[in-house]
Amino acid sequence: MTPASRPCAHPLALAHLTVLELSPPEVVETAAAAGFGLVGLRLAPAVPGQHVFPMLSTAAGRAPMMGETLVRMADLGVQVHDVELVALEEDSDVAAFEPLFEAAARLGARRVLVAGNGADASRMAERLAALSELAQPHGLALGLEFMPWRGIANLGAALRVVRSAGDFAGCGVIVDAIHLDRSGACAADLAQLRAGDWSYFQICDAPARKPAMQDELLFQAREARMVPGEGGLDLRGMLRQLPDGTTVSIEAPLRHRPPPLERARRLREATETLLHEVGRRPLRDLPGDRRAA
């Protein structure tokens, strides 16, 4: 088979939200046992007051859980693909995110997830550019994720902000399957992204019927997603739009949750089945130099 005829290949990662009850070292251990070489770790809260495990250094010293996580990563051969999240506001002091970036760099992470809360595209682009300048010395690239209930609510808004922020290394759009659908877009809309616009893809499934109320929208997104291939989202169409090498992060907090290891294995197998169905090939690890943007 010639290089040009080989199927597109996609590294798979286990997102922390899928097994949010687990600490970072437990996520690493579960991922390895379930056949993942990559994980995403939540080091900062998605909403104010949300519990996160102590992984950031403070004035009192480094967090012991960081060391435990690094040991398990080394022992099990698991790498960190991304950490989350930066809740970026129009008036954010980007220097406040330095401890998060330091922790991400210690973990060898490749990307940091940014959720845009502001609706002013020009101001958000300015803050994103400043945030990227802070991230680059740590070897980190940024991914901007749109969510229907945040200021950056859809694909078009995220793309405008990323492109307006300027041509800095590796910053792109994170597309979550459920957010793409719930914001009124479809798989065909992904064709407007150039290869350089992508950060990575988050996969899950959900009922075809869109929620009528925001409470239901939030509940589905945070606590009641479905196994890929068992719902009504056009996941095959979305996967066909991914550029070669795009990481597929499995972010699927299920409503009825089997034990974490069983859950992770089932989700990996379902995602691999979909990839094979559309002529794509799953990879265990990131190809090439992980620290390249």
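Asker: Hey, could you run me through the environment of Ala-31 in this one?
Answerer: Tracing the backbone through its elements, the reader meets Ala-31 in helix α1 (residues 24-34). Ala-31 sits in the buried class, given a relative accessible area of 0%. Along the backbone, Ala-31 and Gly-231 are 200 residues apart, and their C-alpha atoms lie at a distance of 24 Å. Excluding anything up to four places from it in sequence, Ala-31 contacts Leu-14, Phe-36 and Val-39.

Asker: Is there a simple way to explain the packing of helix α4 (residues 121-135) against helix α5 (residues 155-165) in this structure?
Answerer: Packed helix pairs are characterised by how far apart their axes lie and by the angle those axes make with each other. With their axes 8 Å apart at the nearest point, α4 and α5 run at an angle of 55 degrees to one another. Classified by the angle between their axes, α4 and α5 sit oblique to one another. At the point where α4 passes α5, the crossing takes the right-handed sense. Taken together, the residues of α5 that come into contact with α4 (itself represented by Ala-121, Met-124, Ala-125, Leu-128 and Ala-129) are Val-161, Val-162, Ser-164 and Ala-165. Split into classes, the residues belonging to the contact of α4 with α5 amount to 8 nonpolar, 1 polar and no charged.

Asker: Would you mind going over the pattern of salt bridges with me for this structure?
Answerer: One side chain can pair with another of opposite charge once the charged atoms of both are near each other. This model, assessed by the stated rule, comprises 17 salt bridges. In this structure, the salt-bridge partner of Arg-163 is Asp-197, at a minimum N-O distance of 2.5 Å. Remark: Asp-197 occurs in the loop between α6 (177-182) and β7 (198-203) and Arg-163 occurs in helix α5; sequence separation between them is 34 residues. We classify Arg-163 as partly exposed; its relative accessible area is 36%. Here Arg-236 and Glu-277 are joined by a salt bridge, their closest N and O atoms 2.7 Å apart. Linking Arg-236 in helix α8 (residues 235-240) with Glu-277 in helix α9 (residues 260-277), this pair joins segments that are 41 residues apart in sequence.

Asker: For this particular structure, what's the right way to read the state of the cysteines?
Answerer: A covalent bond between the sulfur atoms of two cysteines is what we call a disulfide. By the definition in use, this model includes 0 disulfides. Of all cysteine sulfurs in the structure, the one in Cys-186 sits closest to Cys-204, which takes part in no disulfide; the separation is 16 Å. For Cys-204, a relative accessible area of 0% puts it in the buried group.

Asker: What is the right way to look at the nonpolar core in this model?
Answerer: For soluble globular proteins, nonpolar side chains are generally found buried alongside one another. If you look at the biggest cluster of nonpolar residues, it comprises 82 residues, and the most contacted ones within it are Leu-128, Val-175 and Phe-201. For this core, the element with the highest residue contribution is α5, accounting for 7 residues. Setting aside anything within four residues of it in sequence, one finds Val-175 in contact with Phe-146, Leu-155, Leu-180, Leu-190, Leu-193, Trp-198, Tyr-200, Phe-201 and Gln-202. Formed by 5 residues, the second largest nonpolar core is a distinct cluster that contains Ala-46, Leu-85, Leu-113 and Tyr-200.

Reading guide: rules and limits
Counting from 1, residues in each chain are numbered in the order their sequence is written. The predicted nature of this model means local features are confined to residues of pLDDT at least 70 and side-chain atom pairs, given and counted, to a pLDDT of 80 or more, with totals for whole chains, interfaces and linings taken over all residues. Remark: hydrogens and water are excluded; side-chain values derive from all non-hydrogen atoms of the structure. Elements are defined by DSSP. Helices are runs of H or I of four residues or more, strands are runs of E of two residues or more, and each kind is numbered from the N terminus. Working definition: with a 1.4 Å probe on protein chains only, accessible area under 20% of the residue-type maximum means buried, over 50% means exposed, and in between means partly exposed. Contacts between residues were defined by any pair of non-hydrogen atoms, one from each residue, lying within 4.5 Å. For helices, the axis comes from a line fit to the C-alpha atoms of the stretch in contact; other axes are also lines fit to C-alpha atoms, and the angle between any two N-to-C directions lies between 0 and 180 degrees. Each angle gets one of four labels, with under 35 degrees taken as roughly parallel, over 145 as roughly antiparallel, 65 to 115 as roughly perpendicular, and the rest as oblique. Take the far helix as your reference; a near helix turned counterclockwise from it by less than a right angle gives a left-handed crossing, and one turned clockwise gives a right-handed crossing. Each residue is assigned to one class: nonpolar for Ala, Val, Leu, Ile, Met, Phe, Trp, Tyr, Cys and Pro, charged for Asp, Glu, Lys and Arg, and polar for all the others, Gly among them. The salt bridge criterion pairs a side-chain nitrogen of Lys or Arg with a carboxyl oxygen of Asp or Glu, the two atoms within 4 Å. Counting rule for disulfides: a pair of cysteine sulfur atoms within 2.5 Å. Think of a nonpolar core as a cluster: buried Ala, Val, Leu, Ile, Met, Phe, Trp, Tyr and Cys residues, connected wherever their side-chain atoms sit within 4.5 Å.

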